[in-house]
Amino acid sequence: MTQIVQSTLLMSLGLGTMMTFASTHWLLAWMGIEINTLALIPLMVQNPHPRAVEAATKYFFAQTVASALLLFATFSNSYLTGTWNIPLMSHPTPMALCILALAMKVGLAPLHTWLPEVMQALDLRIALILSTWQKLAPLYLMYQIPLTNSNILLTLGLLSIIVGGLGGFNQVQLRKILAYSSIAHLGWMILILSISPPLALLALYTYLLISTSLFLSLMLLRAKHISSLSTSWAKIPTLTAILPFILLSLGGLPPLTGFAPKWLITMELVKEGMTLMALIAILSSLLSLYFYLRLFYTTTLTTPPNNLPGTLPWRFHPQHNTLVPALTITATIALLPLTPTILAYLTW
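Reading guide: rules and limits
Residues numbered from 1 in each chain as written. Predicted model: local features only at pLDDT ≥ 70, side-chain atom pairs only at ≥ 80, totals over all residues. Heavy atoms only, no water. Patch = residues over 30% accessible without salt bridge, like charges linked within 9 Å, V, L, I, M, F, W, Y side chains within 5 Å. Areas by Shrake-Rupley, 256 points an atom, 1.4 Å probe, with all protein chains shown as cover. Salt bridge = Lys/Arg side-chain N within 4 Å of Asp/Glu carboxyl O. Helix = DSSP H or I, 4+ residues; strand = E, 2+ residues; numbered from the N terminus. Buried < 20%, exposed > 50% of the residue type's maximum accessible area, 1.4 Å probe, protein only. UniProt positions renumbered as here; feature names shortened; annotations may be inferred. Contact = heavy atoms within 4.5 Å.

## Considerations on a nonpolar patch on the surface
Next up, step 1: Judged by side-chain polarity, Leu276, Leu279, Leu283 and Leu286 come together as a nonpolar surface patch covering roughly 410 Å² of accessible area.
Next up, step 2: Position of Leu283 relative to the elements: it lies in helix 13 (residues 275-301).
Next up, step 3: Using a relative accessible area of 49% as the deciding quantity, one classes Leu283 as partly exposed.

## Quick look at unusual backbone geometry
Next up, step 1: Ala109 connects to Pro110 through a cis peptide bond whose omega is 5°.
Next up, step 2: Structurally, Pro110 can be placed in the loop between helix 4 (92-106) and helix 5 (114-120).
Next up, step 3: The peptide bond linking Pro254 to Pro255 adopts the cis configuration, its omega dihedral lying at 0°.
Next up, step 4: Here Pro255 shows up in the loop between helix 11 (237-251) and helix 12 (259-271).
Next up, step 5: At Asn170, a residue that is not glycine, the phi angle is positive and equals roughly 60°.
Next up, step 6: Inspection of the secondary structure puts Asn170 in the loop between helix 8 (151-167) and helix 9 (174-193).

## Quick word on the UniProt feature "domain: NADH:quinone oxidoreductase/Mrp antiporter transmembrane" (unreviewed entry) in the protein chain
Next up, step 1: In this numbering, the UniProt entry assigns the feature "domain: NADH:quinone oxidoreductase/Mrp antiporter transmembrane" (unreviewed entry) to residues 23-287.
Next up, step 2: Taken end to end, residues 23-287 is 73% helix and 0% strand, and its two terminal C-alpha atoms sit 38 Å from one another.

## Structural notes on the side chain of Ser211
Next up, step 1: Looking at where Ser211 falls in the secondary structure, it is placed in helix 10 (residues 197-221).
Next up, step 2: Excluding residues that lie within four positions of it along the chain, Ser211 makes contacts with Leu128 and Thr132.

## A short note on the pattern of salt bridges
Next up, step 1: Inspection of the entire model under this criterion finds four salt bridges.
Next up, step 2: The closest approach of N and O atoms between Glu117 and Lys176, which form a salt bridge, is 3.3 Å. Here Glu117 is found in helix 5, whereas its partner Lys176 is found in helix 9, with 59 residues between them in sequence.
Next up, step 3: Looking at Glu117, the relative accessible area reads 35%, which means it is partly exposed.

## Re the environment of Tyr180
Next up, step 1: Looking at the element boundaries, Tyr180 is found in helix 9.
Next up, step 2: In this structure, the C-alpha to C-alpha distance between Tyr180 and His112, residues 68 residues apart in sequence, is 9.1 Å.
Next up, step 3: Setting aside residues no more than four positions away along its own chain, Tyr180 makes contact with His112, Pro116, Val163, Gly164, Gly167, Gly168 and Gln171.

As structure tokens, then:
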């Protein structure tokens, strides 16, 4: 794929998301999401491997079903209420169908089954786009829908946290582990979206930051399997020493950045009288923390394999730009003291 074609596709990704952000009309928002989807599929198959083609096909079918359901829901809303305006939706049935269609778009449980299989077959760079940028437009539309009953969001969020925790067990492929991690973190955002949108935005920003730093670190280490982390010390020792802190921040352990949104969301749920739901979400997060600690154990606490010196990976100079990973990793580890300032800015 030439640089011009790749640049055009990346610009289309940005254009589709911005078009959705700027729309209050359902058809224009739907067109923005479709531009996003159609721009990502050629990027998935730029390395024409059979597994990449299979992943692109699965992604296309899942997004097609979700788009058809979303279009049907918006037409139904127009027929029942006479408006295409997103914030003016009032009929409960089209609203529920829109939420389910957007949940399938982002990969919320129980409509998540396509996400781990698709991410497993993708390059880490494209998997980063799929797990971060592609979530923004559907989540924005979910925020715009004026739900009169938030039970559907609470159910989807809680199910996603549980499935994201359970799904990562016994996984050895790093991209599948990151896919289930994405499902669990999306669950936290959706759980609090109808109660406190600024906290949902804080959780989204934190997830984007930590996921970006983790994906960039894995790109530098060229690691796609859990066993490859055990020899990463021979490639970039400094990054291998920092990687466990990124994983623990993704798990939400204090005093790292990832602790802030889970702590604030739990406090807000308890304040709203949803103590049982907060307890289930915290216990389910312990399941996610288990496989983060498993990766932590693999990267730092195990002895390197007893290989001959000639069979160890060579310590090449990184071919990627290391400035962006350095900045994102620093923010991933050390932003917790700035949480009150960030939250005040989001609620302003």
